[in-house]
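As a plain string of letters, each chain reads:
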Amino acid sequence: GFSPFDQEVINPSYESLKFLPNQIGQFSIIICELPTIFNDSAKQLISLIKDIEPDYLLMFGQAGGRTSISIERVAINIDDASIPDNRGNQPKDQPIISDGPSAYFSTLPIKKIKEHLVNHGIPTSISNSAGTFVCNHLMYQVLHFLEINNIKTKSGFIHVPYIHEQTKEKIGMYSMSLEDITKAVTIIIKSLEEDLL
């Protein structure tokens, strides 16, 4: 999950992970908070991947304005920030990796994840755009690292909406409870047990 950004004081993508147990089904859970900063976020997460060699890697980010848990299908090779990151970086139309492919697809079973969430009454969608901010940047960098190093970790990105506390002064803006987002994360993790069979 990510640190707060754009004048927010919380980020539900990380806040929701704090309530996870250390073990869910067959999976040991390791969480980390990444800085909402181009490059730094990917460097930090790639270092963690090298250390723990995870079977699955779930990246979560905040997408205020979305009305569901959004399972990202693809990361594209472009940074084009409409706002600065937390260090003031605001790249415009810059490739993430100059000689990298145009896009990478999630290696998570995204349709199966969606099915599990919908069956539990969680508003869910498959998204074909992770944006062009730090979330997309991180997803692309991580999938590129896994690909070029032939690492079999299954990885992908999931966006979560605002939580209620963030929308008190954002009239008409959709939000979910932090409890429901944590529930969704837990369901996502449990759904991956089927992927092991």
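For clarity, every value in this text was computed on a predicted model and none was experimentally measured.

A. Molecular detail of the packing of aromatic side chains. Throughout the structure, instances matching the rule amount to five aromatic pairs. With centroids separated by 5.8 Å and ring planes inclined at 40°, the aromatic side chains of Phe 5 and Phe 133 adopt a geometry described as tilted. Here Phe 133 lies in the loop between strand S7 (124–127) and helix H4 (134–148) and Phe 5 lies in the segment before helix H1 (12–15), a separation of 128 residues in the sequence. Among the residues examined, Phe 5 registers a relative accessible area of 13% and is labelled buried. The rings of Phe 5, Phe 38 and Phe 133 are connected pair by pair, giving a single aromatic cluster. Cation over ring: Lys 170 sits above Tyr 162, and NZ or CZ is 4.9 Å from the ring centre.

B. Representation of helix H2 (residues 40–52) in the model. Spanning 13 residues, H2 covers 19 Å between terminal C-alpha atoms, matching the ideal 18 Å at 1.5 Å per step. Among all positions in H2, only Ser 41, Ala 42, Leu 45, Ile 46 and Ile 49 are buried. Projection of H2 onto a plane perpendicular to its axis shows the buried side chains occupying an angular sector of 120°, all on one side. Seen from the open side of H2, the exposed residues pointing more than 90 degrees away from its buried face are Lys 43, Lys 50 and Asp 51. On its buried side, H2 packs onto strand S3 (56–62) and H4. Looking one or two residues past H2, Glu 53 carries a phi angle of roughly 50°, positive in sign.

C. Representation of the environment of Gly 61 in the model. Structurally, Gly 61 is set in strand S3. Residue classification places Gly 61 among the buried positions, given a relative accessible area of 0%. Expressed as a C-alpha distance, the spacing of Gly 61 and His 144, which sit 83 residues apart in the sequence, is 19 Å. Setting aside chain neighbours within four positions, we find Gly 61 in contact with Phe 2, Ser 13, Cys 135, Phe 157, Ile 158, His 159 and Val 160.

D. Quick look at the packing of H2 against H4. Packing of H2 against H4 leaves a shortest axis separation of 9 Å and a crossing angle of 35°. As for the relative orientation of H2 and H4, their crossing is right-handed in sense. Of H4, the residues touching H2 (which contributes Ser 41, Ala 42, Leu 45, Ile 46, Ile 49 and Lys 50) are Val 134, Leu 138, Gln 141, Val 142, Phe 145 and Leu 146. Here the residues of the contact of H2 with H4 sort into nine nonpolar, two polar and one charged.

E. Local environment of unusual backbone geometry. Within the chain, Asp 6 stands out as a residue other than glycine whose phi angle is a positive 55°. Take Asp 6: it is sitting in the segment before H1. Owing to a relative accessible area of 44%, Asp 6 belongs among the partly exposed residues under this scheme.

Scoring rules and cut-offs
Residues numbered from 1 in each chain as written. Predicted model: local features only at pLDDT ≥ 70, side-chain atom pairs only at ≥ 80, totals over all residues. Heavy atoms only, no water. Phe/Tyr/Trp six-rings, centres within 6.5 Å; stacked < 30°, edge-to-face > 60°. Helix = DSSP H or I, 4+ residues; strand = E, 2+ residues; numbered from the N terminus. Buried < 20%, exposed > 50% of the residue type's maximum accessible area, 1.4 Å probe, protein only. Lys NZ or Arg CZ within 6 Å of the ring centre and 35° of its normal. Expected span 1.5 Å × (residues − 1). Arc of directions from axis to C-beta. Contact = heavy atoms within 4.5 Å. Axes fitted to C-alpha atoms, helices over the stretch in contact; angles between N-to-C directions. Left-handed = near helix turned anticlockwise from the far one by under 90°. Nonpolar A, V, L, I, M, F, W, Y, C, P; charged D, E, K, R; others polar.

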